[in-house]
Amino acid sequence: AEVIDLKDVWVSYGNTPVLEAVDLVVEDRDFLAIIGPNGGGKSTLLKVILGLVKPDRGSVRLLGDDPKKTRKYAGYVPQYISSNLDFPISVWEVVLMGCLGHKGPFRGYNEDDRKAAYEALKVVDMLDYRDRQIGELSGGQKQRVFIARSLVTRPRLLILDEPSTGIDSKRQREFYELLNRLKSEIAILLVTHDMSALSVYVDKVACLNRRLHYHNSKELSPKDL
Ligand code: ADP
Ligand code: ADP
């Protein structure tokens, strides 16, 4: 089954239309970026994909099933990571916490959890930092740690919301190169304002402004946005 399959999805809040006739297909190893103006419906679309907002009309499938059942296969990296980390916690603990999501009451971590955390930190090349406090890291390093955290459940899909916020341009290149490596195993959906990276790294770009318009990223120019 497709990783994401949305057909003719409509969402409104009260009388305000937010998504209109949205069709979206993401397959294994796709790397799709969604851009668009503020208020264009990007966050709403992500919530629909994760089963947190039910559309007024249309069908939503995540790995062929109801997203409420399957959203555990989607890793999610939120926007503004640094602002909600004002307490002392190590990189290792942050990543382990990714194992908590779907297990019910906390019973401690097991050997599998620790193995998954170790592997995930290795993938993002942050193993050497595992005993550091997260607050000591740069924006780009934090980003990697949070990607590792979203990978511990071995998701089929990685959703990133404005990931390049707060990363300098040199680190951004490394960051997109990391995503490109991940792409060999996982579908990636990126919500971004970052024009510069799009054409180089992303397979497809869609612009969301209530409706979703697809562009071939290689032909994308600023006037399309
Ligand atoms: P282009 O024709 O600009 O090179 P594509 O080949 O990516 O673009 O897309 C052709 C058409 O297929 C688009 O107009 C769009 O309606 C549809 N399409 C492309 N990608 C997707 C997708 N991920 N989900 C749903 N429809 C898509
Ligand atoms: P984006 O992420 O592209 O900025 P959003 O999906 O957050 O767009 O918002 C789309 C529109 O829906 C905006 O006009 C916003 O004010 C409105 N909106 C978002 N969430 C709600 C809500 N829970 N109730 C009412 N209106 C909302």
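No experiment lies behind these values; they were computed from the predicted model shown.

Digging into the overall build of the chain
Piece 1. What the chain contains, in helices and strands, is seven helices and nine strands.
Piece 2. The burial tally for the chain puts 48% of its 225 residues in the buried class.
Piece 3. A separation of at least 24 residues holds for 68% of the contacts in the chain among residues at least 6 apart in sequence.
Piece 4. For the chain, the accessible area works out to roughly 11700 Å², and carbon and sulfur atoms hold 47% of it.

Regarding the packing of aromatic side chains
Piece 1. Counted according to the given criterion, the structure contains one aromatic pair.
Piece 2. Each ring, one from Phe175 and one from Tyr176, has its centre 5.4 Å from the other, and the planes form 70°; the classification is edge-to-face.
Piece 3. Residue Phe175 is classed as buried on the basis of its relative accessible area of 2%.
Piece 4. By relative accessible area, which is 1% here, Tyr176 ends up buried.

Let's talk about the environment of Tyr13
Piece 1. Looking at where Tyr13 falls in the secondary structure, it is placed in strand β1 (residues 4–13).
Piece 2. In the structure, Tyr13 is positioned 129 residues away from Lys142 in sequence and 34 Å away in space, judged by C-alpha atoms.
Piece 3. In contact with Tyr13, not counting residues within four places along its chain, are Val18, Thr44 and Val53.
Piece 4. A polar contact is formed between the side chain of Tyr13 and the side chain of Thr44, at a distance of 3.2 Å.

Digging into the site of ligand 2
Piece 1. Every residue close to ligand 2 is listed here: Tyr13, Val18, Pro37, Asn38, Gly39, Gly40, Gly41, Lys42, Ser43 and Thr44.
Piece 2. Contact distances for ligand 2 include 3.0 Å between an oxygen atom and a backbone N or O atom of Gly41.
Piece 3. Here an oxygen atom of ligand 2 and a side-chain polar atom of Thr44 are 2.5 Å apart.
Piece 4. Coverage of ligand 2 by the protein chains reaches 55% of its 570 Å² of free accessible surface.
Piece 5. When the residues that make up the shell around ligand 2 are grouped by side-chain class, the tally is three nonpolar, six polar and one charged.

Side note on helix α4 (residues 111–123)
Every α-helix carries 3.6 residues per turn, so stepping three or four residues along brings you back to the same face.
Piece 1. For α4, with 13 residues, the first-to-last C-alpha span of 18 Å sits near the 18 Å given by 1.5 Å per residue.
Piece 2. Along α4, the positions that sit buried rather than exposed are Asp113, Ala116, Ala117, Ala120 and Leu121. End-on, the buried residues of α4 take up no more than an arc of 130°, which puts them together on one face. Projecting away from the buried face of α4 at angles above 90 degrees are the exposed residues Glu111, Asp112 and Lys115.
Piece 3. Considering only its buried residues, α4 is in contact with α3 (91–97) and α5 (139–151).
Piece 4. A distance of 3.0 Å separates the backbone nitrogen of Asp112 from a side-chain oxygen at the start of α4, and that oxygen is part of Asn110.
Piece 5. Once α4 finishes, Asp125 follows within two positions and takes phi at roughly 65°, a positive value.

A short note on the pattern of salt bridges
Note on pairing: side chains with opposite charge can pair once their charged atoms come close.
Piece 1. Under the counting rule described, the total for this entry stands at ten salt bridges.
Piece 2. Ionic pairing is found between Arg57 and Asp8, a salt bridge with its closest N-O pair at 2.9 Å. Residue Arg57 is located in strand β4 (residues 57–62), and its partner Asp8 is located in strand β1; the two are separated by 49 residues in the primary sequence.
Piece 3. We classify Arg57 as partly exposed; its relative accessible area is 47%.
Piece 4. Here Arg156 makes a salt bridge to Asp28, at a shortest N to O gap of 3.3 Å.

Things to note about the sheet that holds strand β2 (residues 16–26)
Piece 1. Spatial ordering of the open sheet is given by β2-β1-β4, a layout of three strands whose pairing is antiparallel. The strands lining the two open edges of the sheet, one partner per strand, are β2 and β4. Averaged over all adjacent pairs, the angle separating strand axes in this sheet is 25°, with direction ignored.
Piece 2. Bridge count between β1 and β4: five bridges; the pairing is antiparallel. Looking at β4, one finds that Trp10 is bridged to Arg57.
Piece 3. In this fold helix α1 (residues 42–49) packs onto β1, β2 and β4, with an angle of close to 125° to the strand it touches most, β1.

Here is what the cut-offs are and how they apply
Within each chain, residue numbers correspond to sequence positions counted from 1 in written order. As a convention, the first chain written is A and the first ligand written is 1, with the rest following in written order. With pLDDT at 70 or above as the cut-off, local features in this predicted model cover only qualifying residues; side-chain atom pairs require 80 or more to be listed or tallied, and sums for whole chains, interfaces and linings still use all residues. As a rule here, side-chain values come from all non-hydrogen atoms in the structure, and water together with hydrogens is ignored. Numbering goes from the N terminus for both helices and strands, where a helix is a DSSP run of H or I of at least four residues and a strand is a run of E of at least two. Only protein chains enter the accessibility calculation, which uses a 1.4 Å probe; a residue whose area is less than 20% of its type maximum is buried, one above 50% is exposed, and one in between is partly exposed. Pairs of residues are marked as contacts when any of their non-hydrogen atoms sit within 4.5 Å. Accessible surface area values rest on a Shrake-Rupley calculation with a 1.4 Å probe, where residue burial reflects the displayed protein chains alone. Geometry of aromatic contacts follows a simple scheme: Phe, Tyr and Trp rings, the Trp one being its six-membered ring, pair when their centres are within 6.5 Å, and the pair is stacked under 30 degrees between planes, edge-to-face over 60, tilted otherwise. Counted as a polar contact is a pair of N or O atoms within 3.5 Å, where, for protein atoms, one must be capable of donating a hydrogen and the other of accepting one, and residues adjacent in sequence contribute only when both atoms are in side chains. One heavy atom within 4 Å of a molecule or strand is enough for the residue carrying it to be called near that molecule or strand. Basically, the charged four are Asp, Glu, Lys and Arg, the nonpolar ten are Ala, Val, Leu, Ile, Met, Phe, Trp, Tyr, Cys and Pro, and anything else, Gly included, counts as polar. By this rule, a helix spans an expected 1.5 Å times one less than how many residues it contains. Our arc is simply the arc of the directions from the helix axis toward the C-beta atoms. A carboxyl oxygen of Asp or Glu within 4 Å of a side-chain nitrogen of Lys or Arg is what we treat as a salt bridge. Here, a strand pair is defined by DSSP locating no fewer than two bridges between the strands. Lines fitted to the C-alpha atoms define the axes, with helices restricted to the stretch that makes contact. Angles between their N-to-C directions range from 0 to 180 degrees.

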